[in-house]
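# A closer look at the structure
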Amino acid sequence: MNENSNENQDKVAHINSAADDKSNKSEESFIPVDEHIEEVHVDGKKVKHKGIYLLPNLFTTAALFSGFYAIISAVHGNFEFAALAIFAAMVFDGLDGRVARLTGTASEFGVQYDSLSDMVSFGVAPALVMYFWALVDLGKFGVGVAFVYVAGAALRLARFNTQVGEVDSRYFIGLASPAAAAVVAGMVWVGFDVEMAGRPSVIAGIITALMGLLMVSNVKYSSFKDLDLKGRVPFVAMLGMVLAFGVIAVDPPKILLTLFSLYAGSGLVMWLLSLRKLSRNN
């Protein structure tokens, strides 16, 4: 009697389990987008997490939209808005990673999404903005220069993704794509701000190609990731930041272009100094 009862209970449980699986499958069939499931290692064990973190990915989406808006603005000839949108993308791109680390919401999905957003905002967008502003006068050569920049950004991001955890985090190998985009966008912004009579197509082409090549170079640049943003600092440090913002506010286009140009040139200077030191030792 007990055996028959146990068998009946097993059959009922099996039927209910099958019904639940069927119900879940039927529910999933009505969902047009699959749920994202990510495997992570916790204490040596594989753990599956369903869904994505909202807060850091909101900043990444804002950066992606800024890059998209920069392209649309350039197409319509609004180059000031296009340059500003690229700088806005830089701000959002800097925040998404910081927010993810501070809130413990970093994920592989966020890393890949951020990389794709960077490709649009700091690869495609600056190249097209510069092309419509000045490179278009160079014809096919201008197209080639713009593509060199886009390809440089793509290769730089691909290399960066494969070298995470293998290189010194204090340095970037090659110019970071946001910094390269800032130089390109800064030049466009300055050109618009000073109301140039003509567009410096040749100079723009040289600078754009140089930024593309620096991104795939082996020149080291400081990443500033060793800065402690959570610790206490002297009051004078905060005063210095306020003064820095005040200086930038005097003439944002020229000062930002100068700062990022100096940063882009700093890697080359350090590289030349290292070559000189090496030659002396030999």
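Residues numbered from 1 in each chain as written. Predicted model: local features only at pLDDT ≥ 70, side-chain atom pairs only at ≥ 80, totals over all residues. Heavy atoms only, no water.

## Notes on the pattern of salt bridges
Considering all chains together, one arrives at one salt bridge under this definition. Residue Lys 254 pairs with Asp 251 through a salt bridge whose shortest N-O separation is 3.8 Å. (Salt bridge = Lys/Arg side-chain N within 4 Å of Asp/Glu carboxyl O.)

## Some points on helix 6 (residues 177–193)
Each turn of an α-helix holds 3.6 residues, which means side chains three or four residues apart point in the same direction. Taking 1.5 Å per residue, 17 residues should reach 24 Å; helix 6 reaches 24 Å between its end C-alpha atoms and fits that length. Extensive coverage of helix 6 is indicated by the burial of 15 of its 17 residues. Phi turns positive one or two residues past the end of helix 6, at Glu 195, with a value near 55°. (Helix = DSSP H or I, 4+ residues; strand = E, 2+ residues; numbered from the N terminus. Expected span 1.5 Å × (residues − 1). Buried < 20%, exposed > 50% of the residue type's maximum accessible area, 1.4 Å probe, protein only.)

## Observations regarding a nonpolar patch on the surface
The grouping of Phe 235, Val 236, Met 238, Leu 239, Met 241, Val 242, Leu 243 and Phe 245 at the surface amounts to a nonpolar patch, some 890 Å² of accessible area in total. Within the secondary structure layout, Met 238 lies in helix 8 (residues 235–250). Classification of Met 238 as partly exposed rests on a relative accessible area of 47%. (Patch = residues over 30% accessible without salt bridge, like charges linked within 9 Å, V, L, I, M, F, W, Y side chains within 5 Å. Areas by Shrake-Rupley, 256 points an atom, 1.4 Å probe, with all protein chains shown as cover.)

## Re the packing of aromatic side chains
Working definition: an aromatic ring pair is given by the centre-to-centre distance plus the angle between the planes. Scanning the model with the defined rule gives seven aromatic pairs in all. Between Tyr 131 and Phe 132 the ring centres are 5.6 Å apart and the planes differ by 70°, which places this aromatic pair in the edge-to-face class. We classify Phe 132 as partly exposed; its relative accessible area is 31%. Taken together, a centroid distance of 6.3 Å and an interplanar angle of 65° make the contact between Phe 160 and Phe 172 edge-to-face. Of the two residues, Phe 160 sits in helix 5 (residues 140–162) while Phe 172 sits in strand 3 (residues 171–173), which places them twelve residues apart along the sequence. Among the residues examined, Phe 160 registers a relative accessible area of 33% and is labelled partly exposed. (Phe/Tyr/Trp six-rings, centres within 6.5 Å; stacked < 30°, edge-to-face > 60°.)

## Looking at the environment of Ala 63
In this fold, Ala 63 is placed in helix 2 (residues 54–75). Among residues more than four places away in sequence, those in contact with Ala 63 are Ala 89, Phe 92, Asp 93, Ser 117 and Ser 121. (Contact = heavy atoms within 4.5 Å.)

## Some words on helix 3 (residues 79–103)
With 25 residues, helix 3 extends 36 Å between its outermost C-alpha atoms, agreeing within 8% with the 36 Å of an ideal straight helix rising 1.5 Å per residue. Of the residues trailing helix 3, Gly 104 is marked for its positive phi of about 70°.

## Things to note about the nonpolar core
Counting residues in hydrophobic clusters, the biggest one holds 53 residues, and the most contacted among them are Met 130, Tyr 149, Leu 175 and Met 211. Taken together, the elements giving at least two residues each to this core come down to helix 2, helix 3, helix 4 (108–133), helix 5, helix 6, helix 7 (201–215) and helix 9 (252–281). Looking at this core, the element that brings in the most residues is helix 6, giving eleven residues. Filtering out sequence-adjacent residues up to four positions away, Leu 175 remains in contact with Arg 156, Ala 180, Met 211, Leu 214, Met 215, Tyr 221, Tyr 263 and Ala 264. (Core = buried A, V, L, I, M, F, W, Y, C linked by side-chain atoms within 4.5 Å.)

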